[in-house]
Amino acid sequence: GEGSAACMAIDWTKGVDEQAKASGVDPCECDVVLAAECVWLADLVDPFVQTVLRLLRGRAGCVCYCVYRDRAKDESTTFAGMQMVVDRFEGSGCAVKLLQRLPPDLKKGPGNDVLVYTINLTR
């Protein structure tokens, strides 16, 4: 078969298109976005969601796999819980589906379950 793979670090506070031009890689041509441990501060949720939305709109059928260990406490206003991220994606016209919940590896440090989600555009 044919195929290719590329990776690119993306600063969510800057435009994807300008970063793509500077790097020579166009992440908007991707079929799959992998995002692991990307959002931990509440202030980063909206820039992250907007960046992923831009990537998902680049090619029909693009899907984001988001892996996240939810470390936020319910009362936290500084740290982002995964529910906050899910709510923002759903409010932006995405379907978010929990694929898997993995127990934490407590040998590597404290934390809650590791959550694996898919994120797709619905409109």
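Residues numbered from 1 in each chain as written. Predicted model: local features only at pLDDT ≥ 70, side-chain atom pairs only at ≥ 80, totals over all residues. Heavy atoms only, no water.

A. View of the overall build of the chain. Helix and strand content of the chain: three helices and four strands. When its helices and strands are written in sequence order, the chain yields α-β-α-β-α-β-β. In terms of overall size, the chain behaves like a compact globule, its C-alpha atoms giving a radius of gyration of 15 Å where 123 residues would be expected to give roughly 14 Å. Dimensions of the chain, computed from C-alpha atoms along their principal axes, come out at roughly 40 × 35 × 30 Å. Each of the 123 residues in the chain was classed as buried or not, and the buried ones make up 37%. Restricting the contact set of the chain to residue pairs at least 6 apart, pairs at least 24 apart contribute 66%. (Helix = DSSP H or I, 4+ residues; strand = E, 2+ residues; numbered from the N terminus. Rg over C-alpha atoms; globule rule 2.2 N^0.38 Å. Buried < 20%, exposed > 50% of the residue type's maximum accessible area, 1.4 Å probe, protein only. Contact = heavy atoms within 4.5 Å.)

B. Local environment of the confidence of the model for the chain. Per-residue confidence for the chain gives a mean pLDDT of 88; residues scoring 70 or more make up 95%. The secondary structure element of the chain with the lowest average pLDDT is helix α1 (residues 16–23), at 89, and the one with the highest is strand β3 (residues 94–102), at 96. (pLDDT = per-residue confidence, 0-100.)

C. Spatial organisation of the layout of surface pockets. Roughly 600 Å³ of volume is contained in the largest pocket. What lines the largest pocket is a set of 24 residues, among which Ala-6, Cys-7, Pro-27, Cys-30 and Val-32 lie closest to the centre. Taken together, the elements giving at least two residues each to the lining of the largest pocket come down to β1 (32–36) and α2 (42–56). Partitioning the lining of the largest pocket into residue classes produces 18 nonpolar, two polar and four charged. (1 Å grid on protein atoms, 1.4 Å probe; cavity = no way out; pocket = protein on both sides within 12 Å on 5 of 7 lines; lining within 4 Å. Points joined across faces, edges and corners; volume = space filled by probe spheres on them. Nonpolar A, V, L, I, M, F, W, Y, C, P; charged D, E, K, R; others polar.)

D. Local environment of the pairing of strand β4 (residues 114–121). Burial analysis of β4 places six of its eight residues in the buried class, which makes it a mostly covered element. Bridge count for strand β2 (residues 63–69) against β4 is six bridges, and the pairing is antiparallel. When the bridges of β4 are listed, Arg-69 appears paired with Val-114. By the bridge criterion, eight bridges tie β3 to β4 in an arrangement that is antiparallel. Within β4, the residue paired with Arg-101 across the bridge is Leu-115. (Pairing = 2+ DSSP bridges.)

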